[in-house]
Structure formats: C-alpha cells, structure tokens
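Listed below, chain by chain, are the residues.
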Amino acid sequence: MLPKYGTGPGTCQGKPLGRQGLKLWDSPQDHPERQNVLLLFGFKTVLKAMAGKPATCRNCGSFVHHHLEERATKFTLFFIPVFTTSRSYRITCTNCGYVSSISARQKRALELQR
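Residues numbered from 1 in each chain as written. Predicted model: local features only at pLDDT ≥ 70, side-chain atom pairs only at ≥ 80, totals over all residues. Heavy atoms only, no water.

## Some points on the overall build of the chain
Going by this rule: What counts as a helix is a DSSP run of H or I of at least four residues, what counts as a strand is a run of E of at least two, and both are numbered from the N terminus. Here the term buried applies to any residue with accessible area under 20% of the maximum for its type, exposed to any over 50%, and partly exposed to those in between, with areas from a 1.4 Å probe on protein chains only. Should any heavy atoms of two residues lie within 4.5 Å, those residues are counted as being in contact. Working definition of accessibility: Shrake-Rupley area with a 1.4 Å probe, residue cover restricted to the visible protein chains.
When its secondary structure is counted, the chain shows one helix and six strands. Tracing the chain from N to C terminus, the helices and strands come up as β-β-β-β-β-β-α. Burial analysis of the chain (114 residues in total) assigns 19% to the buried set. Taking the contacts inside the chain whose residues are at least 6 apart along the sequence as the reference set, 40% of them involve residues at least 24 apart. Accessible area of the chain: about 9,100 Å², with a carbon and sulfur share of 56%.

As structure tokens, this is what we get:
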C-alpha cells in the first residue's frame, strides 16, 4: 500500500497522484505565488533608401550618381518596433560600387545642398 503523502512512486511533491498518473510539471493552481511570463524581444535592422546625388567618387574618381541608404537598428517587443537603438548612413557609388559610411551631420549637409 502506498503512503498517503510522501515521496514514493504514487506521489508528486508530497501530493497523491490518484488516477492521473505521473505529473511532468506543476499546474499554476499548485503554486499561486508563481506566475509564468513569456517575453519575446529582439532587434531588427531596417534599410531605407534615400535620395542620392551626383558626386565625385573617392575610389574611382568618376563624377556619377551616389545612392544614400539609412540603416536603423530597432529594439522589438513581441515583434513590434519600440525604439531605435542605432542609426547609420552609407553612400554607394553607382560606377564602381564603393561604399563609405557617413555621419548624420554629413547626411544633413548632403540634403541641404539640393
């Protein structure tokens, strides 16, 4: 005969199992002070093409159109972007494909030159 309460094969954490068999985990009713929380968070990089302008390339020396691109890394909570953690800008030569990083100040200066 199995004990009423104990750690034998017919009990789970001191409680009798009855007809339900072995319990693999406790139900929330067994521990009301414990709350299970699922939190999904991460980072997402968003690329945004911006209007470029003609300029002289540092690499090939050609006066051609350059593409401007903004890369923004965003913190996401449950796959929803919450806030931007970092932002960078890159300019690409259409002739040779040379890519260079520029600062936000340089990007604003390019926008004002139009």
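## Describing the layout of surface pockets
Our working definition: Here a cavity denotes a set of grid points, spaced 1 Å apart and computed over the protein atoms alone, in which a 1.4 Å probe fits but from which it cannot get out, and a pocket denotes an open set meeting protein on both sides within 12 Å along at least five of seven lines; residues with an atom within 4 Å of a point are reported as lining. Grid points are joined across faces, edges and corners, and a volume is the space filled by probe spheres set on the points.
Taken as a whole, the largest pocket holds about 220 Å³ of empty space. Forming the walls of the largest pocket are 14 residues, and the residues nearest its centre are Thr56, Arg58, His66, Ile91 and Ser100. If you list the elements that add at least two residues to the lining of the largest pocket, you get strand E3 (41-56), strand E5 (80-93), strand E6 (99-102) and helix H1 (104-112).

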